[in-house]
Amino acid sequence: MPTNLAWIGPTPVDRTGLVERLRLTGIAAAQALLLAPALALGILGIIIWPLTLVLVGIPLALVVVPLTQLLTNVSRRVAANLLGEPVDADYAATTGKGVVGRLTTWVRDPARWRDFAHLWFSATGGFVLCALPALALAAPVVYVVGAIVDFSGWWLFLLFLSGPILTAWWFITPPLARARALADRSLLGHRRVEELERRVSEVAESRSEALDHSAAEVRRIERDLHDGAQARIAAIGMNVGLAEKLIDTDPATASELLREVRETTLSALADLRTVVRGIHPPVLADRGLAGGIEALVIQLPIPVTLALDLEDRLPAPVESAAYFAVAECVANTLKHAEATRAWVTATHDGSLLRVQVGDDGVGGADPAGAGVAGVAKRLAAFDGKMVLTSPPGGPTVVTLEVPCPTLPTPPDR
């Protein structure tokens, strides 16, 4: 069970504190035993690169680097459990690369160099931090055994000193365990600068995709207006002008043209409504995301179960993005899933919108498909993410998460 070492101040001497310190001492002793493999791998890590020049270091590197990763992953898991937060490595990908490609990637990967530095830390300062609690607890036991085997004044004197040693063990164990966990996190986790660089790269990519998507939307709207409403309105102007010329000489024909104008006007209005719905459906403005999803699924040919816990209004751009993402997922269900039923759930906890769209279809959805990729790009503009789970045979579940605040409730007038 993870233990959060954020608080290391004095605690009462009780059973819970004793069990916790014994547990931390056991963990520290196990980490101290990593001295031997860490030191061995550290030495090998130094001599690998000169030996690589004569090709002897290549097979050695193919063994030492994965073993180093395995050893440091143990420290990552321990630090994550003690601190109550993940400690990720973020290694550079080497999948599909040959021997030379892997070696080149390892040399250029900062995470691998942090692993190497951690080996020497484990063999020096890290070993001291972990050995002190274990030695402090083991010392009284050694003194008792020594006094039994060789009953002398020195052993009795050391046994007398075991009281202060145990007191010191009680107080130093939590802070030393925390210090080791923080050091492991600092060495083995993401560096702040690297996290910021990765974040900037993600933001730049999502911004570019958002601009591309916006440009495509503008072109679609222009095309729809040009091919639909604009052409009909131009026809209306021509028919009205012709009716004006015929109204005195041929009233019947003029009347027929005006009837056509009325029908064309209705068609143009329908086209404009369709364009507007493609930009921001009116139902979202009137009823919010929950109402929009309800209106979306009510006309589907398969039953859809809804569980929407969205009492508060969300920012309009987020509601629009989530609405069209759900619409795309539902459309994929109808086109490809061969499903007999579907479901949509949505919750908002004040800071994160989470939507799930699932079906009982055949599964096997492709995460790289145009529709699914389009949903991911739409959400990326809002720092959101999409997770697709679709094993062969189903079910398919698409999870959409978008961080967003709740809009403030307008004051009563």
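Residues numbered from 1 in each chain as written. Predicted model: local features only at pLDDT ≥ 70, side-chain atom pairs only at ≥ 80, totals over all residues. Heavy atoms only, no water.

### So, the overall build of the protein
Phase 1 of the analysis: Regarding its fold elements, the protein presents 12 helices and five strands.
Phase 2 of the analysis: Counting every position in the protein, which comprises 413 residues, the buried fraction comes to 34%.
Phase 3 of the analysis: A fraction of 69% describes how many contacts in the protein between residues 6 or more apart in sequence connect residues 24 or more apart. (Helix = DSSP H or I, 4+ residues; strand = E, 2+ residues; numbered from the N terminus. Buried < 20%, exposed > 50% of the residue type's maximum accessible area, 1.4 Å probe, protein only. Contact = heavy atoms within 4.5 Å.)

### Some points on the side chain of Thr 396
Phase 1 of the analysis: Inspection of the secondary structure assignment puts Thr 396 in strand E5 (residues 396–403).
Phase 2 of the analysis: Overall, Thr 396 belongs to the buried group, its relative accessible area being 8%.
Phase 3 of the analysis: Of the polar contacts made by the side chain of Thr 396, one reaches the side chain of Ser 390; its length is 2.7 Å.
Phase 4 of the analysis: With sequence-adjacent residues up to four places away left out, Thr 396 is seen in contact with Val 357, Gly 358, Asp 359, Gly 363, Leu 388, Thr 389 and Ser 390. (Polar contact = N/O pair within 3.5 Å; in protein donor to acceptor, adjacent residues only side chain to side chain.)

### Here's the deal with the side chain of Glu 319
Phase 1 of the analysis: Examined against the element boundaries, Glu 319 turns out to sit in helix H11 (residues 316–337).
Phase 2 of the analysis: Engagement of the side chain of Glu 319 in a polar contact is seen with the backbone nitrogen of Leu 314, the distance being 3.3 Å.
Phase 3 of the analysis: For Glu 319, the contacting residues outside a window of four places in its chain are Leu 284, Gly 288, Leu 289, Arg 313 and Leu 314.

### Looking at the sheet that holds E5
Hydrogen bonds between backbone atoms are what pair the strands of a sheet, whose relative direction is either parallel or antiparallel.
Phase 1 of the analysis: Taking strand neighbours across the sheet as the criterion, the five strands line up as E1-E2-E3-E5-E4 in an open arrangement whose pairing is mixed. Two strands in the sheet have a free side with no partner beyond their single neighbour: strand E1 (304–309) and strand E4 (385–389). Here the average twist between neighbouring strands, direction ignored, is 10°.
Phase 2 of the analysis: With eight bridges connecting them, strand E3 (residues 352–359) and E5 associate as antiparallel partners. Bridging from a neighbouring strand, Arg 354 pairs with Glu 401 of E5.
Phase 3 of the analysis: Packed on one face of the sheet, helix H10 (residues 282–297) meets E1, strand E2 (342–348) and E3 and runs near 175° to E1.
Phase 4 of the analysis: Lying on the sheet, H11 is in contact with E3 and E5; it crosses E3 at an angle near 10°. (Pairing = 2+ DSSP bridges. Axes fitted to C-alpha atoms, helices over the stretch in contact; angles between N-to-C directions.)

### Focus: empty space enclosed by the protein
Phase 1 of the analysis: Applying the stated criterion across every chain yields a total of three cavities of 30 Å³ or more.
Phase 2 of the analysis: Size it by volume and the largest cavity reaches roughly 180 Å³.
Phase 3 of the analysis: Residue lining of the largest cavity: 13 residues in total, with Trp 49, Val 65, Thr 68, Arg 112 and Phe 116 positioned closest to the centre.
Phase 4 of the analysis: Of all the secondary structure elements, the ones that give two or more residues to the lining of the largest cavity are helix H2 (35–52), helix H3 (57–83), helix H4 (99–108) and helix H5 (110–123).
Phase 5 of the analysis: Per-element accounting of the lining of the largest cavity gives the leading share, five residues, to H5.
Phase 6 of the analysis: Here the residues of the lining of the largest cavity are counted per class, giving nine nonpolar, two polar and two charged.
Phase 7 of the analysis: The volume enclosed by the second largest cavity comes to roughly 70 Å³.
Phase 8 of the analysis: In this structure, the second largest cavity is lined by Leu 24, Ile 27, Ala 28, Gln 31, Leu 82, Leu 129, Cys 130, Pro 133, Thr 173, Leu 176, Ala 177 and Arg 180.
Phase 9 of the analysis: The set of elements that each furnish at least two residues to the lining of the second largest cavity consists of helix H1 (15–32), helix H6 (125–149) and helix H7 (153–188). (1 Å grid on protein atoms, 1.4 Å probe; cavity = no way out; pocket = protein on both sides within 12 Å on 5 of 7 lines; lining within 4 Å. Points joined across faces, edges and corners; volume = space filled by probe spheres on them. Nonpolar A, V, L, I, M, F, W, Y, C, P; charged D, E, K, R; others polar.)

### Let's talk about the packing of aromatic side chains
Phase 1 of the analysis: Throughout the structure, instances matching the rule amount to two aromatic pairs.
Phase 2 of the analysis: For the ring pair Trp 113 and Phe 116, a centre distance of 6.3 Å and an interplane angle of 90° mean the geometry is edge-to-face. Of the two residues, Trp 113 and Phe 116 are both situated in helix H5; the distance of three residues between them amounts to about one turn of the helix.
Phase 3 of the analysis: Overall, the relative accessible area of 41% leaves Trp 113 in the partly exposed class.
Phase 4 of the analysis: Here Arg 21 stacks its cationic end above the ring of Trp 170, 4.1 Å away from the centre of that ring. (Phe/Tyr/Trp six-rings, centres within 6.5 Å; stacked < 30°, edge-to-face > 60°. Lys NZ or Arg CZ within 6 Å of the ring centre and 35° of its normal.)

### Observations regarding unusual backbone geometry
Phase 1 of the analysis: Even without being glycine, Glu 338 reaches a positive phi, approximately 55°.
Phase 2 of the analysis: Of the residues examined, Glu 338 reaches a relative accessible area of 66% and is grouped as exposed.

### Quick notes on the pairing of E1
Phase 1 of the analysis: Taken together, the six bridges between E1 and E2 define a ladder with parallel strand orientation. Bridge pairing links Leu 306 to Val 344 in E2.

### Here we look at H10
Phase 1 of the analysis: Relative to the 22 Å expected for 16 residues at 1.5 Å per residue, H10 spans just 16 Å between its end C-alpha atoms, considerably shorter than the ideal helical length.
Phase 2 of the analysis: At Gly 288, H10 shows its largest bend, some 130°.
Phase 3 of the analysis: Among the residues making up H10, those that are buried are Val 283, Leu 284, Gly 288, Leu 289, Ala 290, Gly 291, Gly 292, Ile 293 and Val 297.
Phase 4 of the analysis: Of the surrounding secondary structure, the elements contacted by the buried residues of H10 are E1, H11, E2 and E3. (Expected span 1.5 Å × (residues − 1). Bend = angle between axes of the 7 residues up to and from the residue.)

### Thoughts on the nonpolar core
Phase 1 of the analysis: In this structure, Leu 289, Leu 353, Val 355 and Leu 400 are the most contacted members of the largest nonpolar core, which totals 30 residues.
Phase 2 of the analysis: Breaking this core down by element, the ones donating at least two residues are H10, H11, E2, E3, helix H12 (370–380), E4 and E5.
Phase 3 of the analysis: The biggest single contributor to this core is H11, with eight residues.
Phase 4 of the analysis: Apart from the residues within four sequence positions on either side, Leu 353 is in contact with Leu 289, Leu 310, Leu 314, Val 318, Ala 322, Thr 347, His 348, Leu 400, Glu 401, Val 402 and Cys 404.
Phase 5 of the analysis: Ranked by size, the runner-up nonpolar core spans 11 residues in total, among them Leu 41, Ile 48, Leu 71 and Leu 119. (Core = buried A, V, L, I, M, F, W, Y, C linked by side-chain atoms within 4.5 Å.)

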